Amino acid sequence: MRREHQTYRPELHFTPEKGWINDPNGLVYFKGRYHLYYQYNPHHCNWDSMHWGHSVSTDLVSWEYAGIALYPDMPYDGHPEGGCFSGSVLEKDGRLYAFYTGSIKKPDGTVVQSQCIAWSEDGYHFEKSPHNPIIPCPPMDSVTDFRDPKVIRVADNYYMLVGASEGGADHGGKGRLFLYGSRDLENWEYIGCPIATDGSLGTMFECPDLFPLGDKWVISFSPMYHEKMHQAIYFVGDMDFSSARFTPVYSGQLDLGPDYYAAQSYHLPEHGLVSIAWRNAWQWMPWFCGWGDTVQEGWRGNLSIPRVLGLTSTGALSGKLLPLWEKPFNQEQCLLNLRPEQELLITETNRFYCKLELNTGAAGSRVQVTLGAALSIDANGREVTVTRFVEGVKNHQASLMLSPGKAAIHILCDRSCVTVWTQEETQYASYNIFPQEPFSLKLSTGKNTTVDKLQIMYMG
Ligand code: FRU
């Protein structure tokens, strides 16, 4: 495929060479390379018959497709409306273990989801356990959806967090998370339910994650049918593994935009704990919407740039973009001290990084930046409203906050992948936008507004 003629395909964000991708299922440094696993349909650009795709990289920016890691070819995972669903990987004694959900549909229409294991000596070829499924059914009969095992090691024990729904994801059920424990990765015992809700947080908790930060534990998941639609949300708190009791002290969203789902954390030796997400969401499924026609380029779906995780002084989860993305940018252009009431066409391209430095202290300070007709970023004092338009109609609105005093708005445009952030810690919004032509990036300043500096860099 000749990538140079592709209008939508980003360069810094991972995309499949061809076919459909959704959730990240593993990012691990193993035997001298980064290995990335993901939900994949190699046959066409729509979701079905889920495989685990596999790509390798030495720098986390250029990826080489390495074939299929898991095929949906067993009685417990082989089904066109199912397959090898999401999960996680873990290294133990020089071997890589993949945990995933086998999902099938019985002739009567009942969906059966069970937890399975496979292993690999080289990261490329996986063997499924003859004892699969290692967890054949949920801990109680009222649970229907039961998937996406996240396995972690804590001291000499292994724990698995599984997403679930009591009552059914599509039938007004209640989101649940289940915790299991194991000493050997194959035999698992149910411990309990660290997060159970009355349904107001969503009907099903997909792709759970569990990781330590400082003396706290973080649990994140992507709820289905949450009132704010599909977002990756998190809770910071205290975890007692012996009873599965989780006591949250803080909660939030990993990203305030519409296109950030199924986030997972991975420990990378050089970078620490990073998080990546499927930079789409379920309204992407053709039966929900179908806009954003990357299909004409033979692919659909992309993953976010890794963010290094931490906790802020107020206890919120923070994520700083790995500086890797800065490398391909050059040709800096810089404008200083923009006067009030200016209208400016900054550039016409869809491959740039732009940073706007301003002072939010001035009363009535207002700045508007627009990206063609697709995105409008309106800063009013410290509040920034980002609105996405699809075919002229308002499609999503996010509210971000600027730091008090000296602050900055950042826009990273990697063709169809646009990210806006106002604080490198907690204030990100991710978007997929499909330009028919290069974006016009325009700026207008209000009456009392001082823009100290406008910096723009282009991809070389
Ligand atoms: C989340 C999800 C997971 C499931 C996978 C199937 O995007 O629905 O719950 O395992 O996608 O592809």
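Summarised in this report is the structure supplied together with it. As the structure is a computational prediction, the values presented were derived from the model and not from experiment. (Residues numbered from 1 in each chain as written. Predicted model: local features only at pLDDT ≥ 70, side-chain atom pairs only at ≥ 80, totals over all residues. Heavy atoms only, no water.)

## Digging into the site of the ligand
- Taken together, 14 residues form the shell around the ligand, and within it Asp23, Gln39, Arg147, Asp148 and Glu206 come nearest.
- Residue Arg147 places a side-chain N or O atom 2.8 Å away from an oxygen atom belonging to the ligand.
- Protein coverage of the free-state accessible area of the ligand, which is 320 Å², stands at 97%.
- For the shell around the ligand, the secondary structure elements donating two or more residues are β1 (19-30), β5 (83-92), β9 (143-154) and β13 (204-213).
- In the shell around the ligand, the residues fall into 7 nonpolar, 3 polar and 4 charged. (Near = heavy atom within 4 Å. Polar contact = N/O pair within 3.5 Å; in protein donor to acceptor, adjacent residues only side chain to side chain. Areas by Shrake-Rupley, 256 points an atom, 1.4 Å probe, with all protein chains shown as cover. Helix = DSSP H or I, 4+ residues; strand = E, 2+ residues; numbered from the N terminus. Nonpolar A, V, L, I, M, F, W, Y, C, P; charged D, E, K, R; others polar.)

## Focus on the layout of surface pockets
- In this structure, the second largest pocket encloses a volume near 570 Å³.
- Looking at the second largest pocket, it is lined by 22 residues, and the ones nearest its centre are Leu90, Val151, Ile152, Arg153 and His267.
- Among the elements of the structure, β1, β5, β9, β13 and β17 (261-268) are those that each provide at least two residues to the lining of the second largest pocket.
- Ranked by the residues each element gives to the lining of the second largest pocket, the list is headed by β9, at 5 residues.
- Tallied by class, the residues present in the lining of the second largest pocket amount to 15 nonpolar, 3 polar and 4 charged. (1 Å grid on protein atoms, 1.4 Å probe; cavity = no way out; pocket = protein on both sides within 12 Å on 5 of 7 lines; lining within 4 Å. Points joined across faces, edges and corners; volume = space filled by probe spheres on them.)

## Thoughts on the pairing of strand β32 (residues 440-445)
- Of all 6 residues in β32, 5 are buried; the element is thus mostly enclosed.
- With 5 bridges connecting them, strand β23 (residues 343-348) and β32 associate as antiparallel partners. Each bridged residue has a counterpart across the sheet, and for Glu348 the counterpart in β32 is Ser440.
- Here strand β25 (residues 366-371) pairs with β32 via 5 bridges, running antiparallel. (Buried < 20%, exposed > 50% of the residue type's maximum accessible area, 1.4 Å probe, protein only. Pairing = 2+ DSSP bridges.)

## Overview of the pattern of salt bridges
- For the structure shown, the criterion picks out 17 salt bridges.
- The closest approach of N and O atoms between Lys92 and Asp93, which form a salt bridge, is 3.9 Å.
- For Lys92, a relative accessible area of 22% gives the class partly exposed.
- Residue classification places Asp93 among the exposed residues on the basis of a relative accessible area of 73%.
- Shared partners join several salt bridges into a network, and the residues in it are Glu11, Arg351 and Arg415. (Salt bridge = Lys/Arg side-chain N within 4 Å of Asp/Glu carboxyl O.)

## Considering empty space enclosed by the protein
- This model, assessed by the stated rule, comprises 4 cavities of 30 Å³ or more.
- There is about 160 Å³ of room inside the largest cavity.
- In terms of residue class, the lining of the largest cavity is built from 13 nonpolar, 2 polar and no charged.

## Regarding unusual backbone geometry
- Looking along the chain, the bond that leaves Asn132 and enters Pro133 is cis, with omega of -10°.
- As for its placement among the helices and strands, Pro133 is situated in the loop between β8 (127-128) and β9.
- Of note in this structure, Ser49 is not a glycine but carries a positive phi near 40°.
- Assessed through its relative accessible area of 16%, Ser49 is described here as buried.
- A positive phi angle, close to 45°, is found at Asn337, a residue other than glycine.
- Here Asn337 lies in strand β22 (residues 329-338).

## Focus: the packing of aromatic side chains
- According to the stated counting rule, one finds 24 aromatic pairs in the structure shown.
- A ring pair is formed by Tyr8 and Phe434, whose centres lie 5.2 Å apart and whose planes are at 90°; its orientation type is edge-to-face. Placement of the pair is Tyr8 in the segment before β1 and Phe434 in the loop between β31 (427-432) and β32, with a sequence separation of 426 residues.
- Judged by centre distance (6.0 Å) and plane angle (65°), the rings of Trp20 and Trp278 are edge-to-face. Of this pair, Trp20 sits in strand β1 while Trp278 sits in strand β18 (residues 272-278), and the two are 258 residues apart along the sequence.
- With relative accessibility at 1%, the residue Trp20 sits in the buried group.
- Looking at Trp278, the relative accessible area reads 0%, which means it is buried.
- Put simply, the rings of Phe14, Tyr38, Tyr40, Trp63 and Tyr65 touch in pairs and so form one group of aromatic residues.
- One residue, Arg307, lies across the ring of Tyr428, its end atom 4.0 Å from the ring centre. (Phe/Tyr/Trp six-rings, centres within 6.5 Å; stacked < 30°, edge-to-face > 60°. Lys NZ or Arg CZ within 6 Å of the ring centre and 35° of its normal.)

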